[in-house]
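Okay, here's what each chain looks like letter by letter:
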Amino acid sequence: MISCDFPLQLFFPEDMISDCADVNKGMTSSELIQNLLNSGSCPEIQGHLQIKEPGRKAWKRVCFFLRKSGFYCSTKGSSKEPRHLQYVADLEELNIYSVIGGRKLYSASTDYTFCIKPCRNRTRSQDMKLLCANSEQTRTCWTTAFRLFKYGQQLQYNFQQSVSTRSQESTLHHSAKRCVSEASLVAMDFSGKAGGRVIENAREAQSAEREEGQAWRKKTSLRYSLPNSCPSSRSALIHRAQPWFHGGLSRREAQGLIEEQGLVDGMFLIRESQQHAKCFVLSLCYKLKTKHYLIIPCEEDGRKYYTMDDGVTLFIDLLQLVEFHQINRGILPVCLKHHCVRVAL
């Protein structure tokens, strides 16, 4: 069903809606219009227009009727009796246009002039019929009705297709929003010697996800189960043994080291921040440029974490941060791929 967001009377004033024989008498004009629009049709229109007589400057006031069968005028006042109706034109063979400057060009009584011309022989001015309405609303009603009678079915079809397409796009958008990672990540298996393979079976992918989660928890618990160490002290020291950690390297030195070892997307290192105490910096190469991301320590429920996105994603230590971003981009433009090798001096 087509729902109108505008007042129907704006396009179809009630005094212009014909009470023809095929209309249900119990329906109001608004209900009639809505019913016809829902079926891709148009209500019958009636009203007085001024028409310019061929070869003369004078305009004549005539009552016209617009029906699905064609455009008619009454030869006797406002009578709609068949013997008084004169056939003017077939809608399928006509085009309708608004006229600019009707008063000046054609001596029309108002500025609300329009014309109808046959689709064939468009250059023959004698086939053009000039009509003049008494208001902009009246002209809009006639021109709208002409177009609805001629293209109503096609317009209704186009509207339904548009609504259907929008509904499908909305469904896809919500699905994508629920599973954002599905658009950029796939399940992979790296257990073989021949390299990784994409896991296409959904059940196998879910099983691999569970196994990886269990392995991650075991790795984390093992990391903090070493003798003579507590989680906080272990967390503060574990990154120092990693090949990607470069201690108190400066920003300029980090950029120089990345350039020396190749400006490859995903080349990275982690260093201590020289401007912010107890913070670290991830230096990452992307599109031949080195970008620097501040890693900030924070506390939650009495436990120390590290974050790069103001606490949205928390990591118990720098090793977990690196391992996460080796398979997930997160806020980074590219995953971490190759760490810079320490250069012994």
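Read on for an overview of the structure. The structure presented is a predicted model; accordingly, all values stated were derived computationally and were not measured.

So, the sheet that holds strand β4 (residues 85-89)
Right, on to step 1. Taken together, the seven strands give an open sheet; going across it, the order is β4-β3-β2-β1-β7-β6-β5, and neighbouring strands pair in antiparallel fashion. Either end of the sheet is taken by a strand with one partner, and the two such strands are β4 and β5 (94-99). On average, each strand axis in the sheet is tilted by 40° relative to the strand beside it, whichever way the strands run.

Here's the deal with helix α6 (residues 251-260)
Right, on to step 1. Taken together, the buried positions of α6 are occupied by A254, L257 and I258. On an axial view of α6, the arc spanned by its buried residues comes to 100°, and they lie on one face. Exposed side chains of α6 directed beyond 90 degrees from the buried face belong to R252, E259 and E260.
Right, on to step 2. The secondary structure elements touched by the buried residues of α6 are β10 (267-272), β11 (280-286) and β12 (289-300).

Overview of the pattern of salt bridges
Right, on to step 1. Under the defined criterion, the tally for this structure stands at five salt bridges.
Right, on to step 2. In this structure, the salt-bridge partner of R67 is E44, at a minimum N-O distance of 3.1 Å. Placement of the pair is R67 in strand β2 (residues 59-67) and E44 in the loop between α1 (29-38) and β1 (45-52), with a sequence separation of 23 residues.

Quick look at the nonpolar core
Right, on to step 1. Residues I45, F64, L66, F71, W142 and F146 are the most contacted members of the largest nonpolar core, which totals 25 residues.
Right, on to step 2. With six residues, helix α3 (residues 136-178) is the largest single contributor of residues to this core.
Right, on to step 3. Setting aside residues up to four positions removed in sequence, F71 forms contacts with F64, F65, L66, Q86, Y87, V88, A89, L91, I116, L131, W142 and F146.
Right, on to step 4. Counting residues in each nonpolar core, the second largest holds 20 residues, with F268, I295, L318 and L336 among its members.

Some thoughts on the sheet that holds strand β13 (residues 303-307)
Right, on to step 1. Taking strand neighbours across the sheet as the criterion, the five strands line up as β13-β12-β11-β10-β14 in an open arrangement whose pairing is mixed. Pairing within the sheet leaves two strands with one partner each, and these edge strands are β13 and β14 (338-339).
Right, on to step 2. Where β10 meets β11, five bridges bridge the pair, whose relative direction is antiparallel. When the bridges of β11 are listed, R271 appears paired with V281.
Right, on to step 3. Lying over the sheet, α6 contacts β10, β11 and β12, oriented at roughly 160° with respect to β10.
Right, on to step 4. Of the strands in this sheet, β10, β11, β12 and β13 are in contact with helix α7 (residues 318-325), which crosses β10 at around 160°.

Considering the layout of surface pockets
Right, on to step 1. Roughly 600 Å³ of internal volume is contained in the second largest pocket.
Right, on to step 2. Taken together, 24 residues line the second largest pocket, and the ones lying closest to its centre are I51, K52, E53, P54 and K129.
Right, on to step 3. Broken down by secondary-structure element, the contributors of at least two residues to the lining of the second largest pocket are β1, β2, β3 (70-74), β4 and β7 (129-132).
Right, on to step 4. Take the lining of the second largest pocket: its biggest share by element is five residues, from β2.

Quick look at unusual backbone geometry
Negative phi values dominate among residues other than glycine, just as trans dominates among peptide bonds.
Right, on to step 1. For K278, which is not glycine, the phi dihedral falls at a positive 65°.
Right, on to step 2. Relative to the helices and strands, K278 resides in the loop between β10 and β11.
Right, on to step 3. You will see that L288, though not glycine, has its phi angle at about 65°, which is positive.
Right, on to step 4. Look at L288 and you get exposed, because its relative accessible area is 60%.

Side note on the packing of aromatic side chains
Right, on to step 1. Within this structure, the stated rule accounts for seven aromatic pairs.
Right, on to step 2. Between F71 and W142, the ring centres sit 6.1 Å apart and the planes meet at 75°, which makes this aromatic pair edge-to-face. One end of the pair, F71, is in strand β3; the other, W142, is in helix α3, and 71 residues separate them in sequence. Side by side, F71 and W142 carry an identical accessibility label, which is buried.
Right, on to step 3. Ring centres 5.9 Å apart and planes at 65° place the aromatic pair F280 and Y306 in the edge-to-face group. You can see F280 sitting in strand β11 and its partner Y306 sitting in strand β13, a full 26 residues away along the chain.
Right, on to step 4. In this structure F280 comes out as buried when scored by relative accessible area, which is 8%.
Right, on to step 5. Judged by relative accessible area, which is 2%, Y306 ranks as buried.
Right, on to step 6. Each member of the aromatic cluster is reached from another via a ring pair, and the members are F64, F71, W142 and F146.
Right, on to step 7. Over the face of the ring belonging to Y72 we find R67, whose NZ or CZ atom lies 6.0 Å from the ring centre.

Points about empty space enclosed by the protein
Right, on to step 1. Per the stated rule, a full pass over the model turns up one cavity of 30 Å³ or more.
Right, on to step 2. Roughly 40 Å³ of internal volume is contained in the largest cavity.
Right, on to step 3. Lining the largest cavity are M308, D309, T313, F315, F324, H325, G330 and I331.

Thresholds applied
- Residues numbered from 1 in each chain as written.
- Predicted model: local features only at pLDDT ≥ 70, side-chain atom pairs only at ≥ 80, totals over all residues.
- Heavy atoms only, no water.
- Pairing = 2+ DSSP bridges.
- Helix = DSSP H or I, 4+ residues; strand = E, 2+ residues; numbered from the N terminus.
- Axes fitted to C-alpha atoms, helices over the stretch in contact; angles between N-to-C directions.
- Buried < 20%, exposed > 50% of the residue type's maximum accessible area, 1.4 Å probe, protein only.
- Arc of directions from axis to C-beta.
- Contact = heavy atoms within 4.5 Å.
- Salt bridge = Lys/Arg side-chain N within 4 Å of Asp/Glu carboxyl O.
- Core = buried A, V, L, I, M, F, W, Y, C linked by side-chain atoms within 4.5 Å.
- 1 Å grid on protein atoms, 1.4 Å probe; cavity = no way out; pocket = protein on both sides within 12 Å on 5 of 7 lines; lining within 4 Å.
- Points joined across faces, edges and corners; volume = space filled by probe spheres on them.
- Phe/Tyr/Trp six-rings, centres within 6.5 Å; stacked < 30°, edge-to-face > 60°.
- Lys NZ or Arg CZ within 6 Å of the ring centre and 35° of its normal.

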